[in-house]
Amino acid sequence: MAIAAASAPGKLLLIGEYAVLDGAPALVLAVDRRVRAEVEWLDADRATVDAPQLGVEGLELAFDENRMALCDPAGREPLGMTGRFLPRVVRELGRPPGDSARLRVAIDSGELFRAGADGRPTKLGLGSSAAVCAALATAVAELFSTGRGGSDLEPDPGGRLAAWLPLYRTALGSDASGADLAAALFGGLIEYRSGDPPSVRRLELPDDLQWRAVWTGHSAQTTDFVDAYRRWRRSGADSGAIVERMRAAAGDAVDCAGRGCGAPDLMKAASEYSQLLIELGDAIGIDVMTERHRRLAALATECGAVYKSCGAGGGDLGIAFAMDSAPLDRFSDVVSRAGGVPLNLEAAEFGARPETGVRSRPARRDG
């Protein structure tokens, strides 16, 4: 029985939220918290899944051409978009739909979760859905690339992004930008532009820039905010001016990372973008830069740092920038007063990749 494993990193969207949906560049950083996925080819048509962060252990799966669902008497479907994504990847790899029903799937996304007040895992907002999809698809591609008829999919991250992004969007049920999936596949710092195909360029943060991520203590439903933004853009409201200013600030940040400018230039662009997110939220009528984010921003200013929220959701994550570690250390010390949790994150050196290669499980012996 063949087994393949892969991992993929989470991400921080540093700048470009919302505007990336209208063609602006986004600056996205993959971080060193990873999802791990393992798939095993079974001899019998009996697929199972383990996903402890979703409360799923050893449950049997039912497949059709478009989704996998739990054979669960309670009628739950906690796999959600992952369950809609995997069968489409199997088809994209040139495999018959029935092959989905012969896989044991194990997903560990614990590094992108935190125990909530009730003790249950809570998403940190690090792009866990995209990282799960990237790790799972990479593991399945690795499994089928050796034996079982093989797979022709290009192994480079650009080729996989072009192939898997449409499947990811369909499974998500939203025309997402794909920046989170790109970060999971490429790793490091990237400039991302949505398009057909999307564009990715590897960049570097300024050498004199320090950063510290913070979790606000609240999860957010990103798709709800993105849908509200799209309705606002279609409504005929005078939205062009704010979006154009967001595009300019995002472009300044990306240019800074591309030309090797210093930290002050990128911090200035981040500060401008943070204010624009407040204006955007006021215009749409949604709380993009929540009160908790605003308290964290005020604390960062007092400590000598620049703060902005990360991502489209109204909660989740923020990031503080400074030119040395002292302001960030002061900021971390006072963050808990506003209900925030400093996160010990670093950039991920690499994106989604196989972890062990395809191997065989030793044959079991009875007795």
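See the structure printed just above.
Residues numbered from 1 in each chain as written. Predicted model: local features only at pLDDT ≥ 70, side-chain atom pairs only at ≥ 80, totals over all residues. Heavy atoms only, no water.

(A) Up close: the overall build of the protein chain. Of the regular secondary structure elements, the protein chain holds nine helices and 16 strands. When the 367 residues of the protein chain are sorted by exposure, 54% land in the buried category. In the protein chain, the share of contacts with a sequence separation of at least 24, taken over all contacts with a separation of at least 6, comes to 71%. Element-wise, carbon and sulfur atoms account for 45% of the exposed surface of the protein chain, whose accessible area totals about 15400 Å². (Helix = DSSP H or I, 4+ residues; strand = E, 2+ residues; numbered from the N terminus. Buried < 20%, exposed > 50% of the residue type's maximum accessible area, 1.4 Å probe, protein only. Contact = heavy atoms within 4.5 Å. Areas by Shrake-Rupley, 256 points an atom, 1.4 Å probe, with all protein chains shown as cover.)

(B) How the structure looks around the nonpolar core. Among the nonpolar cores identified, the biggest contains 112 residues, and Leu-12, Leu-27 and Trp-164 are the most heavily contacted of them. Top element by residues in this core is helix α2 (residues 128-145). It accounts for 13 residues. Excluding residues that lie within four positions of it along the chain, Leu-27 makes contacts with Leu-12, Leu-13, Leu-14, Ile-15, Leu-189, Ile-190, Leu-203, Ala-253, Val-254, Ala-257 and Leu-266. Formed by 17 residues, the second largest nonpolar core is a distinct cluster that contains Val-214, Leu-299, Ala-322 and Leu-328. (Core = buried A, V, L, I, M, F, W, Y, C linked by side-chain atoms within 4.5 Å.)

(C) Structural view of the pairing of strand β11 (residues 210-215). Of the pairings in the sheet, the one linking β11 to strand β13 (residues 317-322) comprises six bridges and is antiparallel in character. The partner of Val-214 across the bridge, within β13, is Gly-318. Of the pairings in the sheet, the one linking β11 to strand β14 (residues 341-343) comprises three bridges and is antiparallel in character. What sits directly across from Ala-213, in β14, is Leu-343. (Pairing = 2+ DSSP bridges.)

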